[in-house]
Amino acid sequence: MTVSLPQPRQLPKIDPVTAQVVAGALNGIALEMGHKLARMSYSSIIRESEDFGAAILDADCQQLAECAYSTPLQLGPIPGYMRGVLKAMAEEGEEFFPGDVILHNHTYYGASHGPDIGIGIPIFKDEELIGYSFTTAHHLDIGSSSPGSCGIVDAVDAFAEGLQFKAVKLYEKGVQNRQVWRILRQNIRSANVVVGDIEAQVAACRVGKQRFLDLVEQYGLDTVLAASGELMAYSERMMRQAIERLPDGEYSAEGFLDGFLDDPDPGKKDLKIAVTVTIDGSDMTIDLTGTAPQVDDRPINMPFVGTVDIAIFVTLRSVLLDTALMEYVPQNSGLTRPVQIVAPKGCLANPIYPAPVIARCCPGNIVADTLMKALAQVAPRNVSGGIGNIKVTSYSGALGEDYWVYMDITEGSYGGRYGKDGMDGVDTLYANTRNNPIEDIEAHLPLRVTRYELIEDASGAGKYRGGLGSIRDIQFLAPGQMSLEGEGNKYAPWGIFDGKDGTPGAVQVRNPYAATVEDLPSKFPCRKTKLGDTLRTVSPCGGGYGHPLERDPALVLEDVLDEFVSIESAKRDYGVVIDPASLEIDEQATADLRRTMAA
């Protein structure tokens, strides 16, 4: 059967009411896809942490709607995934047919990183390709050199990161490709869980396909596309207006990755991220020239499409179209049209295949954080101080002839922002997943969470203080192994507008039975563990915003009462004198001290 490709079409004019009705229906489709995926998944990283994406695309790979439950780092890359699929199929002379289901995770063809598997279904109406139903999700294992799908920080190239699928058909013309499913089951740890999650993605895509066809049947394809086109044009207008409000010019900032602090090679640590923002009317260019060269044999490089672009787009939307300050702007492909991104080939932000990229999440957060620092020069009330990066750990162990595998995230923090303190203990910027309940961990795995709390007395001082990071201790109840990726153990989150820097993170392995404590860097490859070994992950605390002496003394007292700030820090950093017995502010002593500190 010959399948006709999408042809340019003259779309009707659409009224605003119909456009909003169709938009609501599209959003409902994406939400249902996400709900089905989360409910059907086996792993907690999808089911609880919601590390997945679900979206409907048109035939040109423009994103029409997305599931709001999902994380930006899963949702944002979906158009790039689909474009990568089409590129790979064109190279191989392949084509789509009704009933096809595509498996794709190739990081140099649009995927964010290997464990984030994309599943796509082409949507046909009367043999015409009219769109795609697509999901992405983070999987616990992808057959890499060590167990799990994070902390594979010793991968020397893309092949060591696990199985690579470039537009492979799980189903062709509705018939299951059994050999591909056999490859998955035979080459992935904890295969029942991973394959079950892939099947959940397929089911969610099928729901999206059918609901989109129902919508087209109800309103007609031209009306659906015209409504989507109007919404994308509206989102583009809103982004352009936001850019136009900023003064033209160039604005630059730098940030740094820890990299591999225990490596003797200076080219693998203290790695610079350079960002220059150029504003010209309603157009914006983000240039990463000056960023450190790629690391050929360590996986902290970042895919340009799928990671770097998403870090930038999410940050721009958050800063320029903050829904706390203005009306909601629909999330679709129109938002990206005014923005051009430049990164030299061969740098950390645009590596050359087969440079490894699996640990790209935390470096991408630094790209976003550095962009925000540059934007602070033109949008000071829309940014925060530096963020406290996350840490991602893989825990695993023997389970008969297979493995149990668990992925855990230690939440970071945000810097203070205009009018508000930084958020405490949250997954930051484009990652934005939920934490996994302790009860779920301990009910299903030979692990015990012995400590989980906010870090006291460590946030960046400011008129609006930085957020508190979190501390998490997880103990092995049986021998196993673990690996870790993170950033921020050396470079503290930056303070802004006279706010003070936050504090860096830390990593330790403790064993109460052996009474040992070992300090570790922000990332380490797979290492064996004994009964009782406890990994302590400490996330950085956010930077302060504004001068600490301008902070309301009553808020300082509140922080002391909440045990966020000590009495000593209140005096040293904020010039607020609190009586330790009555826990009340000494107004006169505070006024005198602040006058002295300001002199």
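Above this note sits the structure.
Quick caveat: nothing in here was measured; it's all calculated off a predicted structure.

1. Details of helix α9 (residues 361-375)
Okay, step 1: Relative to the 21 Å expected for 15 residues at 1.5 Å per residue, α9 spans 21 Å between its end C-alpha atoms, a close match to the ideal helical length.
Okay, step 2: Extensive coverage of α9 is indicated by the burial of 14 of its 15 residues.

2. Quick word on the packing of helix α7 (residues 221-244) against helix α8 (residues 304-320)
Okay, step 1: Across the interface, α7 lies against α8 with an axial gap of 10 Å and an inter-helix angle of 70 degrees. If you check the angle between α7 and α8, you find them roughly perpendicular. Taken together, the residues of α8 that come into contact with α7 (itself represented by Met 239, Ala 242 and Ile 243) are Leu 316, Arg 317 and Leu 320.
Okay, step 2: Class assignment for the residues of the contact of α7 with α8 results in five nonpolar, no polar and one charged.

3. Examining the side chain of Lys 391
Okay, step 1: Relative to the assigned elements, Lys 391 resides in strand β12 (residues 391-399).
Okay, step 2: There is no salt bridge for the buried Lys 391, and the closest opposite charge comes from Asp 258, which lies 6.6 Å off by N-O distance.
Okay, step 3: Reaching out from Lys 391, the side chain makes a polar contact with the side chain of Asn 489 at a distance of 3.0 Å.
Okay, step 4: Within the structure, Lys 391 has its side chain in polar contact with the backbone oxygen of Val 538 (distance 3.1 Å).

4. Some details on the side chain of Asn 489
Okay, step 1: Examined against the element boundaries, Asn 489 turns out to sit in the loop between β16 (480-486) and β17 (506-511).
Okay, step 2: Excluding residues that lie within four positions of it along the chain, Asn 489 makes contacts with Asp 258, Lys 391, Pro 504, Gly 505, Ala 506, Val 507, Leu 520, Pro 521 and Ser 522.

5. Comments concerning the nonpolar core
Okay, step 1: Counting 118 residues, the largest nonpolar core has Leu 170 and Met 284 as the members making the most contacts within it.
Okay, step 2: By residue number, the principal contributor to this core is helix α6 (residues 191-219), which donates eleven residues.
Okay, step 3: Dropping the residues within four chain positions of it, Leu 170 is found in contact with Val 101, Leu 103, Ile 119, Val 175, Gln 176, Asn 177, Val 180, Trp 181, Leu 184, Ile 198 and Val 202.
Okay, step 4: Counting 18 residues, the second-largest nonpolar core is a separate cluster that includes Ala 55, Ala 111, Leu 129 and Ala 167.

6. Let's talk about the state of the cysteines
Two cysteines, two sulfur atoms, one covalent bond between them: this is a disulfide.
Okay, step 1: Within this structure, the stated rule accounts for zero disulfides.
Okay, step 2: This cysteine, Cys 347, is not joined by any disulfide, and Cys 361 carries the nearest cysteine sulfur, 18 Å off.
Okay, step 3: Look at Cys 347 and you get buried, because its relative accessible area is 4%.

7. With respect to the sheet that holds β16
Sheet strands associate in pairs through backbone hydrogen bonding, adopting either a parallel or an antiparallel arrangement.
Okay, step 1: One open sheet accounts for four strands, arranged β13-β12-β16-β19; its pairing is antiparallel. Unpaired on one side and paired on the other, β13 (402-410) and β19 (524-529) mark the two borders of the sheet. On average, each strand axis in the sheet is inclined to that of its neighbour by 20 degrees, with strand direction left out of account.
Okay, step 2: Summarising the sheet, β16 and β19 pair through four bridges and their orientation is antiparallel. When the bridges of β19 are listed, Met 482 appears paired with Arg 527.

8. What about unusual backbone geometry?
Okay, step 1: Between Tyr 353 and the following residue, Pro 354, the backbone shows a cis peptide bond with an omega angle of 10 degrees.
Okay, step 2: Counting through the fold element by element, Pro 354 comes out in the loop between β11 (339-342) and α9.

9. Things to note about the sheet that holds strand β7 (residues 175-176)
Okay, step 1: Strand order across the open sheet formed by seven strands is β2-β1-β5-β4-β3-β6-β7, with antiparallel pairing between neighbours. The open sheet has two edge strands with one neighbour each: β2 (63-66) and β7.
Okay, step 2: Pairing analysis gives three bridges linking strand β3 (residues 101-104) to strand β6 (residues 168-172), with the strands arranged antiparallel. Across the sheet, residue Ile 102 finds its bridge partner in β6, namely Lys 169.
Okay, step 3: Those strands touched by helix α1 (residues 16-40) are β1 (52-58), β2 and β5 (128-138), and its axis lies near 145 degrees from that of β1.

10. Focus: the pairing of strand β15 (residues 470-476)
In the case of a regular strand, side chains alternate between the two sheet surfaces.
Okay, step 1: Burial of β15 is extensive: seven of the seven residues sit out of reach of the surface.
Okay, step 2: Residues Ser 470, Arg 472, Ile 474 and Phe 476 line one face of β15 and the alternating positions Ile 471, Asp 473 and Gln 475 line the opposite face, and both faces are buried.
Okay, step 3: Two elements, strand β14 (residues 447-454) and β15, share seven bridges in a ladder whose sense is antiparallel. The residue bridging Arg 451 from the neighbouring strand is Asp 473, located in β15.
Okay, step 4: Alignment of β15 against strand β20 (residues 534-538), held across five bridges, turns out to be antiparallel. Residue Asp 473 lies in a different strand from β20, and its bridge partner there is Arg 536.

11. Here we look at the environment of Ala 581
Okay, step 1: Following the sequence through the fold, Ala 581 ends up in the loop between α12 (567-574) and α13 (587-598).
Okay, step 2: Expressed as a C-alpha distance, the spacing of Ala 581 and Ser 470, which sit 111 residues apart in the sequence, is 29 Å.

12. So, the packing of aromatic side chains
Okay, step 1: Under the counting rule described, the total for this entry stands at eleven aromatic pairs.
Okay, step 2: Taking the centre distance of 5.0 Å and the plane angle of 75 degrees together, the rings of Tyr 108 and Tyr 353 count as edge-to-face. You can see Tyr 108 sitting in the loop between β3 and β4 (116-125) and its partner Tyr 353 sitting in the loop between β11 and α9, a full 245 residues away along the chain.
Okay, step 3: Relative to Tyr 406, the ring of Tyr 395 has its centre 6.2 Å away and its plane inclined at 25 degrees; by these criteria the two rings are stacked. In this pair, Tyr 395 sits in strand β12 while Tyr 406 sits in strand β13, placing the two residues eleven residues apart along the sequence.
Okay, step 4: Relative accessible area serves as the criterion here: at 1%, Tyr 395 is assigned to the buried category.
Okay, step 5: Residue Tyr 406 is classed as buried on the basis of its relative accessible area, which comes to 2%.
Okay, step 6: Taken together, the ring pairs connect Tyr 418, Tyr 464, Phe 497 and Tyr 545 into an aromatic cluster.
Okay, step 7: In this arrangement the basic side chain of Arg 206 is found over the ring face of Tyr 171, its NZ or CZ atom lying 4.6 Å from the centre.
Okay, step 8: In this arrangement the basic side chain of Arg 527 is found over the ring face of Phe 524, its NZ or CZ atom lying 5.9 Å from the centre.

Rules of the game
- Residues numbered from 1 in each chain as written.
- Predicted model: local features only at pLDDT ≥ 70, side-chain atom pairs only at ≥ 80, totals over all residues.
- Heavy atoms only, no water.
- Helix = DSSP H or I, 4+ residues; strand = E, 2+ residues; numbered from the N terminus.
- Expected span 1.5 Å × (residues − 1).
- Buried < 20%, exposed > 50% of the residue type's maximum accessible area, 1.4 Å probe, protein only.
- Axes fitted to C-alpha atoms, helices over the stretch in contact; angles between N-to-C directions.
- Parallel < 35°, antiparallel > 145°, perpendicular 65-115°, else oblique.
- Contact = heavy atoms within 4.5 Å.
- Nonpolar A, V, L, I, M, F, W, Y, C, P; charged D, E, K, R; others polar.
- Lys, Arg positive; Asp, Glu negative; His and termini not counted.
- Salt bridge = Lys/Arg side-chain N within 4 Å of Asp/Glu carboxyl O.
- Polar contact = N/O pair within 3.5 Å; in protein donor to acceptor, adjacent residues only side chain to side chain.
- Core = buried A, V, L, I, M, F, W, Y, C linked by side-chain atoms within 4.5 Å.
- Disulfide = S-S within 2.5 Å.
- Pairing = 2+ DSSP bridges.
- Phe/Tyr/Trp six-rings, centres within 6.5 Å; stacked < 30°, edge-to-face > 60°.
- Lys NZ or Arg CZ within 6 Å of the ring centre and 35° of its normal.

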